Amino acid sequence: MKPRPVTRKRSDRRGAAITEFAVCLPMLTLLVFGTIETSNRIFLRETLSVAAYECAREAIRNSTTIAAAKKRGQDILDSRNVKGSAIVFTPTDIVAATRGTQIKVEVTAPTSSNGTAFGSFVAQKTLKATVVMVKE
């Protein structure tokens, strides 16, 4: 006569499922919040690139001022809620620059004031975007 197979009750397996969940939950949480913070930094870097490009496009025009060029980039940064940004032009006097002069625009912003609450656990940096165009 064959021995009967032992049947397990559902409650025996339930403890294993709770233990597996408790082990996996911190890793899943870290993965989700890490993905959110990474996406936020990519968005910030792209925003800085767009703002630098638009500043440079305005700065290379003949009939422009440094205030108008800076305002164009700052409007983009403001619309995307970027805090603590800085816009620097080289040369500093774009109005006096002659045709063919390279105009360099550098836009920077810290990740500390532009991140999520989860970003405080990640190294803080200052992201930078640079665009160089030739004066018209």
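Residues numbered from 1 in each chain as written. Predicted model: local features only at pLDDT ≥ 70, side-chain atom pairs only at ≥ 80, totals over all residues. Heavy atoms only, no water.

1. Observations concerning the pattern of salt bridges
- Summed over the entire model, instances satisfying the criterion amount to six salt bridges.
- For Glu37, the salt bridge identified is with Arg41, shortest N-O distance 3.7 Å. With Glu37 and Arg41 both in helix α1 (residues 10–59) and four residues apart, this pair spans about one turn of that helix. The exposure classification of Glu37 matches that of Arg41, with both residues buried.
- With its nearest N and O atoms 2.9 Å apart, the salt bridge here joins Lys71 to Asp75. A residue pair is termed a helical-turn pair when its members lie 3 or 4 positions apart in one helix, as Lys71 and Asp75 do in helix α2 (residues 66–79) at four residues.
- The class for Asp75 is partly exposed, based on a relative accessible area of 38%.
- Salt bridges here are not isolated pairs; linked through shared partners, they connect Glu54, Glu58, Arg61 and Arg72. (Salt bridge = Lys/Arg side-chain N within 4 Å of Asp/Glu carboxyl O. Helix = DSSP H or I, 4+ residues; strand = E, 2+ residues; numbered from the N terminus. Buried < 20%, exposed > 50% of the residue type's maximum accessible area, 1.4 Å probe, protein only.)

2. Describing the sheet that holds strand β2 (residues 102–110)
- Taking strand neighbours across the sheet as the criterion, the three strands line up as β1-β2-β3 in an open arrangement whose pairing is antiparallel. On the outer flanks of this sheet lie β1 (86–90) and β3 (126–134), each paired with one strand and no other. Strand-to-strand twist of the sheet, defined as the mean angle between neighbouring strand axes without regard to direction, takes the value 15 degrees.
- Bridging between β2 and β3 involves nine bridges; their strand directions are antiparallel. Considered in β3, the bridge of Val105 is made with Val131.
- Lying over the sheet, α2 contacts β1 and β2, oriented at roughly 145 degrees with respect to β1. (Pairing = 2+ DSSP bridges. Axes fitted to C-alpha atoms, helices over the stretch in contact; angles between N-to-C directions. Contact = heavy atoms within 4.5 Å.)

3. Examining the nonpolar core
- Counting residues in hydrophobic clusters, the biggest one holds 24 residues, and the most contacted among them are Leu48, Leu77, Ile87, Phe89, Ile103, Val105 and Val107.
- Mapped by element, the contributors of at least two residues to this core are α1, α2, β1, β2 and β3.
- Tallying contributions element by element places α1 first for this core, with seven residues.
- Other than its neighbours up to four places away in sequence, Phe89 contacts Cys55, Ala59, Ile66, Ala69, Lys70, Ile94, Lys104 and Val105. (Core = buried A, V, L, I, M, F, W, Y, C linked by side-chain atoms within 4.5 Å.)

4. Considerations on α2
- Here α2 contains 14 residues, and its C-alpha end-to-end distance of 20 Å stays within 8% of the 20 Å for a straight helix at 1.5 Å per residue.
- Looking at α2, one finds that the buried residues are Ala69, Gly73, Ile76 and Leu77. Seen end-on, α2 carries its buried residues on one side only, within an arc spanning 100 degrees. Exposed positions of α2 whose direction lies more than 90 degrees from the buried face are Ala67, Lys71 and Ser79.
- The first or second residue beyond α2 is Asn81, which carries a positive phi of 55 degrees. (Expected span 1.5 Å × (residues − 1). Arc of directions from axis to C-beta.)

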